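# Inside the fold
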Amino acid sequence: MSATAPQVVRFLTGITTTGTPHLGNYVGAIRPAVQASRRAGAENFYFLADYHALIKCDEPARIQRSTLEIAACWLAAGLDPDRVFFYRQSDIPEIPELTWLLTCVTGKGVLNRAHAYKAQVDKNTAASVDVDTDVTAGLFMYPVLMAADILMFKSHKIPVGRDQVQHIEMARDMAASFNHLYGEHLVLPEAQVDESVALLPGLDGRKMSKSYDNVIALFGPREQVRKQIFSIVTDSRAPGEPKDTEGSALFQIYQAFASEDDTRKLRQAYADGIAWSDAKQLLFERIDAEIGPMREKYEHLVAHPQELEQILRAGAEKARTRATPFMGELRQAVGLRNLATLPAAAGKAKAAKTALPSFKQYREADGRFYFKFVDPQGKVLLQSKAFGTPREAGETIARLKASPSSLHSEVMLEPLDSTLLAEASQGLQMLTGGD
Ligand code: TRP
């Protein structure tokens, strides 16, 4: 790697579209992600992992509804689709395509060790039933699909919970195997586990989770949220009796929404014997102050699914400006190639020398300067835009030669189709001796 200009860091997170987000998801994932999406010097990818949802859920209406609600939650919570890449996994056909390329470089034994699959196998073993009971090939392949999500966008950092770290490590290994076989195409990702993000307790004090049926709705009707908050389990101490903040779910939830100063005040109020109902009212007001203003946007989006559909399609189009050319490059790398680019068998010995593409600079009748990149048969792989001076054209060529990977972002080129772009990319690398 040459030490050139600082690179943008790409962050990527997927959200499986089963279920409806609750307050725990908001505090643990949505809120920190929306805050992080505003960081400078980074590109952020957030997507609805609906192919992953199919692994766990065979109810079509639920998948559709969950996709709608999760998308609406993220946007209502402040995610700006113009600043980030926000898309639906199943709108990017390059993802399943890459999944297959990765499948072919992944050892079955590696997948045997994946936690989610192993958990089911262990459960079956314990129940003395066949080890493969309830194991679909989808569950087994889960880590490969996830690796494709990540590697498709050359992501560097993947913010996830602890339970997902193994999957990121597998993605890294798949990328390394691929690169070892086919050259340095894939970026090795890293998991990013944020220990400071609060794990929210639920109504009964255990971790807030739908499977414990102890959640507070994120965008439920105000009255429902209020009722849920008033049903948080507390001890039986009467008003006036000092109360413990230690182990108080109510206190911990409050803390996730309040400033340090206000948290200190509530701690004092506990010591002074605040009535549980007053403490609950404080919590309700605090949550409502943060979530209330977002609720209107959420309700609007859920009531206007066509607007959401529009946003997701635009997001997919934007994401595919990356995925399509990159997939072209990867197809080229593994040998899924245009046959016409095969050097004729007769000239095989000479081929290595003569089969290199080259740059041609010229001046058009319009008096402006251009270049094209042509293969040995004379086929145009790249066509530049017009330059005012031959020097500018020359500098662009030099830049491409110095950094073949800048090809995809080089604005001086007319957009060509992805197959040609991949051939150009390959040719450029041959020309510059890069591999
Ligand atoms: N498996 C993740 C989860 O259950 C969701 C997911 C799918 C994901 N693809 C991803 C997360 C890629 C990060 C990156 O939470």
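Report follows, based on the coordinates.

Rules of the game
- Residues numbered from 1 in each chain as written.
- Predicted model: local features only at pLDDT ≥ 70, side-chain atom pairs only at ≥ 80, totals over all residues.
- Heavy atoms only, no water.
- Helix = DSSP H or I, 4+ residues; strand = E, 2+ residues; numbered from the N terminus.
- Buried < 20%, exposed > 50% of the residue type's maximum accessible area, 1.4 Å probe, protein only.
- Contact = heavy atoms within 4.5 Å.
- Areas by Shrake-Rupley, 256 points an atom, 1.4 Å probe, with all protein chains shown as cover.
- Lys, Arg positive; Asp, Glu negative; His and termini not counted.
- Charge placed at Lys NZ, Arg CZ, Asp CG, Glu CD.
- Arc of directions from axis to C-beta.
- Pairing = 2+ DSSP bridges.
- Near = heavy atom within 4 Å.
- Polar contact = N/O pair within 3.5 Å; in protein donor to acceptor, adjacent residues only side chain to side chain.
- Salt bridge = Lys/Arg side-chain N within 4 Å of Asp/Glu carboxyl O.
- Axes fitted to C-alpha atoms, helices over the stretch in contact; angles between N-to-C directions.

### Considering the overall build of the chain
Within the chain one finds 16 helices and eight strands. Within the chain, buried positions represent 44% of all 435 residues. Summarising the internal contacts of the chain: among those between residues at least 6 apart in sequence, 71% fall at separations of at least 24. Surface accessibility of the chain: about 22,500 Å² in total, with carbon and sulfur atoms responsible for 53%. A distance of 5 Å separates the average location of the 50 positive side-chain charges in the chain from that of its 53 negative side-chain charges.

### Focus: helix α9 (residues 222-230)
Taken together, the buried positions of α9 are Val 225, Gln 228 and Ile 229. For α9, the angular spread of buried residues about the axis comes to 100 degrees, placing them on one side. More than 90 degrees from the buried face of α9, the exposed residues found are Glu 223 and Lys 227. Next to the buried residues of α9 lie α12 (276-303).

### A short note on the pairing of strand β3 (residues 85-88)
Note on strand geometry: in a regular strand, side chains alternate between the two faces of the sheet. Along β3, one buried face is formed by Phe 85 and Tyr 87 and the opposite face, lined by Phe 86 and Arg 88, is buried too. Where strand β2 (residues 42-49) and β3 come together, four bridges link them in parallel fashion. Bridging from a neighbouring strand, Tyr 46 pairs with Phe 86 of β3.

### Some points on the site of the ligand
Taken together, Leu 12, Gly 14, Thr 16, Phe 47, Ala 49, His 52, Tyr 142, Met 146, Asp 149, Ile 150, Ile 158 and Gln 164 are the residues near the ligand. Between an oxygen atom of the ligand and a side-chain N or O atom of Thr 16, the distance comes to 3.5 Å. One nitrogen or oxygen atom from the side chain of Gln 164 is found 3.2 Å from a nitrogen atom belonging to the ligand. Across the complex, the protein chains shield 88% of the 370 Å² of accessible surface that the ligand would expose by itself. Contributing elements (two or more residues each) for the shell around the ligand: β1 (9-16), β2 and α7 (137-152). With four residues, α7 is the largest single contributor of residues to the shell around the ligand.

### Some points on the pattern of salt bridges
Under the counting rule described, the total for this entry stands at 23 salt bridges. Among the ionic pairs, Asp 204 bridges to Arg 206, the shortest N-O distance being 3.0 Å. Residue class for Asp 204 comes out partly exposed when judged on its relative accessible area of 34%. A salt bridge links Glu 395 to Arg 391, with the nearest nitrogen and oxygen atoms 3.2 Å apart. On the criterion of helical spacing, the pair formed by Glu 395 and Arg 391 is a turn pair, its members being four residues apart in helix α15 (residues 390-402). Residue class for Arg 391 comes out exposed when judged on its relative accessible area of 61%. A cluster of three or more residues bridged by salt bridges with shared partners is formed by Asp 261, Asp 262, Arg 264, Lys 265 and Arg 286.

### Describing the sheet that holds strand β8 (residues 380-383)
Strand order across the open sheet formed by three strands is β6-β7-β8, with antiparallel pairing between neighbours. The two strands at the open ends of the sheet, each matched to only one other strand, are β6 (358-363) and β8. When the angles between neighbouring strand axes are averaged without regard to direction, this sheet yields 25 degrees. Of the strand pairs in this sheet, β6 and strand β7 (residues 369-374) are connected by six bridges, and their pairing is antiparallel. The partner of Phe 359 across the bridge, within β7, is Phe 373. Most of the contacts of α15 go to β6, to which it runs at about 170 degrees, and overall it touches β6 and β7. Taken strand by strand, helix α16 (residues 418-431) contacts β6, β7 and β8, and its axis lies near 95 degrees from that of β8.

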